[in-house]
Amino acid sequence: MKRTIDINFGWKYHHEFDESYIAPSYDDSSFETVNIPHTNIEVPYNNFDESMYQIESCYRKKIWIDKLDENEQVYVKFNGVMAYAKVYLNGIYVGEHKGGYTPFKIDLTATANVGEYNMLTVYVDSSERNDVPPFGFVVDYLTYGGIYREVSLEYCQNIRFDTVCIKTKDVLTKTPYLDIDLYTYNNSGDSQELTCKFDLIVKNECIQTFHKVISINNKLKEKITINENVSDINLWSIDEPNLYHIKLQLMKDERTIDTHIIRFGFREAKFTDKGFFLNGTKVKIQGLNRHQSFPYVGYAMPKSAQYKDAEILKYELGVNTVRLSHYPQSDHFMDRCDELGLLVFDEIPGWQHIGDKDWQDIAVQHVEEMIMKDFNHPSVIIWGVRINESQDHDELYKRTNDLARTLDDSRNTGGVRCITNSSLLEDVYTYNDFIHKGDNIGLQKKKKVTRSDKAYLITEYNGHMYPTKKFDDEIHRVEHAIRHLNVMNAMQKDDDISGAIGWCMFDYNTHKDFGSGDRICYHGVMDMFRIPKHAAYVYGSQQNQTPVMHVASPLCIGEFAGSILDTIYVFTNCDYVKLYKNGEYVSKFYPGKDLYPHVKHPPIVIDDLLGDSIKENERFSPQDAQLVKKLLIQVNKSGDNLGLIDTLKMGWIFMKYKMNRLDAEDLYTKYFGGWGGKATDYVFEGYIGDTCVAKTNKSQVFNPMIKVTVDNKTLVEEKTYDTTRVVLRLIDDNGNDIIYAHDSVVLETVGPIEVIGPKIVSLIGGSIGFWIKSIGEAGKGRVIVKSERFGVIEETIQVDK
């Protein structure tokens, strides 16, 4: 039976490579001991030369290889090595792989010294090689380096299934069935007639068993397809992601020689000219793009960090789709998308550039590797088989589409482009639409982009059109959020669009050719540490599972030009908000359906902080009080630039109540908290029905403090080390983030944990995150945060093995 042995702990690493390192007897005691996933060099947060990780390096590990029976083989599997790997066993070359985003296996059988330790050596070239996608020209993201995904040994029989691909067909009818492609391997020398046993399992209970007799020819690769009807199934969907397992046993003479347990889901996903349909129900795709990078270590993060990103997308950002930009991503991330009901746009590595014939052959190979890797994930709804934003290349894209459809006839193909009226060989015209500039249309019309009647999907918007740092001024950060909202509203309005996937989930490191000059693209709705900007709440407020009420303003007049308080946006899924000013009720405010009629939960837009206070506290008649309030609000928005009619109305009030300009200035200062006046306190209460579900106080800061939040206080080492994110936020007396703060802190650990990245960090826009990882030992650890101003804060982390 197939056995998998994880080999992620205790590798020897050197940041240079020499041919002498290949020799099994080479003394590597001076090498660094590392665990996989591993980045070849940690990079700073910003302002660094990306060539620092574009190096040739060496990994070595002594591995025990069991004795093999006469029909057994042993392989080493790498899930991701950036960007070119050459593998040696006991000093003998055994294989190589080009491309850092897809897994590969290498047969060790002929070279292995069985029943003893063997020396596995891996040469890793992390330079931007012209013969490996996505390289060959500039790329707007960093690719980092090293063996950054897990490694394992696989023992298997010389007659087996290498890959099993499960398709679910006719799931909306009374006769749904499984359509299973079995990719067989037979190196026994003879054709074999064998029995397959299939157990369909849900929640650890076998609900159906069937058998098939199959003939396996003496070939290293052959596809056999079998079908079987099923009944009483529960569909996989966004809200109910029901998952099943199939246990497949290959049997010879009643003896099991190969076993696979595969998780999958019953569902039907189709793009049509009418939109996207999941299980026959139309679904508007609303999503974000995700890079798989993290601060300091790039791509090298294990299961828990990958899980957390999927959870942020689903629960914190409230989206239903993620695009894997611009390459296949971690199996762990994919698994969590399956479990959460998060739809996935999966695509091959690339960014604009198309290389020569050999380069194109590797791109086609990546199509197959991507599909074989991710086939059984029900979350995947479309294969991206075109190099992101490349020009038309019918010869190449005919090959990629034909291959994808041959391997999987159950999913549509797409190809992300940034050109209109492009040659369309895919099933879906997927387009990056950057038309929106803040004061114009949100999205182009489909008929202006493509002449095709096929399905149409927006795969990027905003992003570089309005880079936004978490520490930008308030008006800039709010404008960033509004631009995302504008596109979202336009997408929901247009039935010709299947949906739109925004650029992007979080900020990311990039090459010197892009970004803000510090090697960061500030395109995310979150920062690099997954800490939200205002725009994140535009997305998060569109879901109904968790109450959201984010007041996107500090209500500090000094933040705005001329000390004129700007319009307040409250991004919320509440039915209404009650506002109190200095303890007095102002008014009740409702979502702006007139401004954003097509989104599920429009923001609440507040430009009246006065309520009935002028009528109740001043000497004006009720009718005049309303006029005075209107005029003061207009002054607050435009300064002294009143129109002629409003100026005449103001003059009439002056005459009627014998007021002068000083009286008017005093009135304005009193109600809008001008310079020299007492600071104003505001309270916002969010209601769903008659229940208050959220409350925010906005007032001046008197006792700031650092709040420490740990994602998970228990780390569990399974296949490799575990991690958890720690977020530091400077907050005011009411728990609001203090954005304009850059205090430094020292990070220390005690016990079986360590900090990833630098040990002295500064808050960036009032907050920062970092990750803690386990080091191969069990026990209790402590994270210690030391601040000269705010003292010492400790958190306990438990590590289990």
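Residues numbered from 1 in each chain as written. Predicted model: local features only at pLDDT ≥ 70, side-chain atom pairs only at ≥ 80, totals over all residues. Heavy atoms only, no water.

S.K.: Could you clarify how one ought to interpret the state of the cysteines in this entry?
M.R.: Here a disulfide denotes a covalent bond joining the sulfur atom of one cysteine to the sulfur atom of another. Taken as a whole, this structure holds zero disulfides when the rule is applied. Between cysteine 692, a free cysteine, and cysteine 574, which holds the nearest cysteine sulfur, the sulfur-to-sulfur gap is 8.0 Å. (Disulfide = S-S within 2.5 Å.)

S.K.: For this particular structure, what's the right way to read the pattern of salt bridges?
M.R.: In total, this model carries 53 salt bridges according to the counting rule given. The partner of lysine 512 in a salt bridge is glutamate 50, and the shortest N-O contact between them spans 4.0 Å. In this pair, lysine 512 is assigned in the loop between strand 31 (508–509) and strand 32 (520–521) and glutamate 50 in the loop between strand 3 (32–34) and strand 4 (56–65), connecting sequence segments 462 residues apart. For glutamate 50, a relative accessible area of 4% gives the class buried. Residues joined by salt bridges that share partners form a network here, namely Lys167, Lys169, Asp179, Asp181 and Asp409. (Salt bridge = Lys/Arg side-chain N within 4 Å of Asp/Glu carboxyl O. Helix = DSSP H or I, 4+ residues; strand = E, 2+ residues; numbered from the N terminus. Buried < 20%, exposed > 50% of the residue type's maximum accessible area, 1.4 Å probe, protein only.)

S.K.: Explanation requested: the packing of helix 3 (residues 357–374) against helix 4 (residues 394–407) in the structure shown.
M.R.: To describe two helices that pack against each other, one gives the angle between their axes and the distance between the axes. Across the interface, helix 3 lies against helix 4 with an axial gap of 10 Å and an inter-helix angle of 20°. In terms of axis orientation, helix 3 runs roughly parallel to helix 4. Handedness of the crossing formed by helix 3 with helix 4: right-handed. Each of Lys357, Gln360, Asp361, Val364, Val367, Glu368, Ile371 and Met372 in helix 3 lies in contact with helix 4, whose residues at this interface are Leu396, Arg399, Thr400, Leu403, Ala404 and Leu407. (Axes fitted to C-alpha atoms, helices over the stretch in contact; angles between N-to-C directions. Parallel < 35°, antiparallel > 145°, perpendicular 65-115°, else oblique. Left-handed = near helix turned anticlockwise from the far one by under 90°. Contact = heavy atoms within 4.5 Å.)

S.K.: Just checking my understanding: could you explain the sheet that holds strand 43 (residues 744–750) for this structure?
M.R.: Strands belonging to one sheet form pairs held by backbone hydrogen bonds; the direction of such a pair is parallel or antiparallel. Here five strands make up an open sheet; going across it, the order is 41-48-47-43-45 and the pairing mixed. Edge positions in the sheet fall to strand 41 (714–716) and strand 45 (760–762), since each has one partner strand and no second. Neighbouring strand axes in the sheet, compared pairwise and without regard to direction, differ in orientation by 30° on average. Two elements, strand 43 and strand 45, share three bridges in a ladder whose sense is antiparallel. (Pairing = 2+ DSSP bridges.)

S.K.: Could you clarify how one ought to interpret the packing of aromatic side chains in this entry?
M.R.: The way to describe two aromatic rings as a pair is by their centre distance and the angle between their planes. If you walk through the whole model with that rule in mind, you get 36 aromatic pairs. Aromatic pair tyrosine 244 and phenylalanine 264: ring centres 6.2 Å apart, planes at 35°, arrangement tilted. With tyrosine 244 in strand 18 (residues 244–252) and phenylalanine 264 in strand 19 (residues 255–264), this residue pair connects regions lying 20 residues apart in the sequence. In this structure phenylalanine 264 comes out as buried when scored by relative accessible area, which is 2%. Arranged with centres 5.5 Å apart and planes meeting at 65°, the rings of tyrosine 580 and tyrosine 585 form a pair that is edge-to-face. Connected via pairs of aromatic rings, a cluster forms that spans Tyr53, Tyr101, Tyr141, Tyr144, Tyr148, Tyr299 and Tyr327. Of note, arginine 290 hangs over the ring of phenylalanine 333, and the distance from its end group to the ring centre comes to 4.1 Å. One residue, arginine 530, lies across the ring of phenylalanine 294, its end atom 4.1 Å from the ring centre. (Phe/Tyr/Trp six-rings, centres within 6.5 Å; stacked < 30°, edge-to-face > 60°. Lys NZ or Arg CZ within 6 Å of the ring centre and 35° of its normal.)

S.K.: What exactly am I supposed to notice about the nonpolar core here?
M.R.: Across soluble globular proteins, you tend to see nonpolar side chains buried next to one another. Grouped together as the largest cluster of nonpolar side chains are 64 residues, with contacts concentrated most on Leu313, Leu317 and Ile371. Once residues lying within four places of it in the same chain are set aside, the contact partners of leucine 313 are Leu288, Gly318, Val319, Val322, Phe333, Leu342 and Met505. If you look at the next biggest cluster of nonpolar residues, it comprises 38 residues, including Val297, Met301, Val761 and Trp771. (Core = buried A, V, L, I, M, F, W, Y, C linked by side-chain atoms within 4.5 Å.)

S.K.: Would you explain the sheet that holds strand 40 (residues 705–710) in this entry?
M.R.: Pairing is antiparallel across the open sheet formed by four strands, whose spatial order is 40-42-46-44. Looking at strand neighbours, the two that pair on one side only are strand 40 and strand 44 (753–756), the edges of this open sheet. Along the sheet, successive strands turn relative to each other by an average axial angle of 30°, direction set aside. Sheet topology places strand 40 next to strand 42 (residues 723–731); six bridges connect them, and they run antiparallel. Bridging from a neighbouring strand, threonine 709 pairs with valine 727 of strand 42.

S.K.: What is the right way to look at the side chain of aspartate 646 in this model?
M.R.: Summarising the element assignment, aspartate 646 is placed in helix 10 (residues 644–656). Buried within the structure, aspartate 646 lacks any salt-bridge partner; its nearest side chain of opposite charge belongs to lysine 649, at an N-O separation of 4.5 Å. Setting aside chain neighbours within four positions, we find aspartate 646 in contact with Leu631 and Gln634. (Lys, Arg positive; Asp, Glu negative; His and termini not counted.)

S.K.: Sorry, what's going on with the environment of tyrosine 144 here?
M.R.: Within the secondary structure, tyrosine 144 is located in the loop between strand 10 (116–125) and strand 11 (146–147). It is 8.9 Å that separates the C-alpha atoms of tyrosine 144 and serine 127, two residues lying 17 residues apart in sequence. Setting aside residues no more than four positions away along its own chain, tyrosine 144 makes contact with Val43, Tyr53, Met82, Ser126, Ser293, Gly298, Tyr299 and Asn509. Here asparagine 509 takes part through its side chain, which lies 3.4 Å from a polar atom of the side chain of tyrosine 144. (Polar contact = N/O pair within 3.5 Å; in protein donor to acceptor, adjacent residues only side chain to side chain.)

S.K.: When you look at the side chain of asparagine 79 in this model, what are you seeing that I'm missing?
M.R.: You can see asparagine 79 is positioned in the loop between strand 5 (72–78) and strand 6 (81–82). Residue classification places asparagine 79 among the buried positions, given a relative accessible area of 14%. Among the polar contacts listed, one links the side chain of asparagine 79 to the backbone oxygen of glutamate 150, at a separation of 3.0 Å. Apart from residues lying up to four places away in sequence, asparagine 79 is in contact with Thr102, Pro103, Arg149, Glu150 and Asp331.

S.K.: What should I look at first to understand the environment of tyrosine 461 in this one?
M.R.: Within the secondary structure, tyrosine 461 sits in the loop between strand 29 (455–460) and helix 6 (474–493). Taking the C-alpha atoms as reference points, tyrosine 461 and histidine 484, separated by 23 residues in sequence, lie 8.2 Å from one another. Those residues in contact with tyrosine 461 that lie beyond four places of it in its chain are Gly287, Asp433, Phe434, His484, Val487, Ala500, Ile501, Gly502, Trp503 and Tyr539. Among the polar contacts listed, one links the side chain of tyrosine 461 to the side chain of tyrosine 539, at a separation of 2.6 Å.

S.K.: Please explain the environment of lysine 105 as it appears in this structure.
M.R.: Within the secondary structure, lysine 105 sits in strand 9 (residues 104–107). Once the C-alpha coordinates of lysine 105 and glutamine 444 are considered, the two residues, 339 residues apart in sequence, prove to be 45 Å apart. Dropping the residues within four chain positions of it, lysine 105 is found in contact with Tyr75, Val76, Lys77, Glu154 and Asp162. A polar contact of 3.2 Å, which involves the side chain of lysine 105, links it to the side chain of glutamate 154.

S.K.: Which parts of the structure should I look at to understand the pairing of strand 4?
M.R.: The two faces of the sheet receive side chains in turn, since in a regular strand these alternate between them. Burial of strand 4 is extensive: seven of the ten residues sit out of reach of the surface. For strand 2 (residues 11–14) and strand 4, the ladder comprises three bridges, and the chain directions are antiparallel. In the sheet register, histidine 14 faces strand 4, and the bridge partner there is cysteine 58. By the bridge criterion, ten bridges tie strand 4 to strand 10 in an arrangement that is antiparallel. In the sheet register, isoleucine 65 faces strand 10, and the bridge partner there is glutamate 116.

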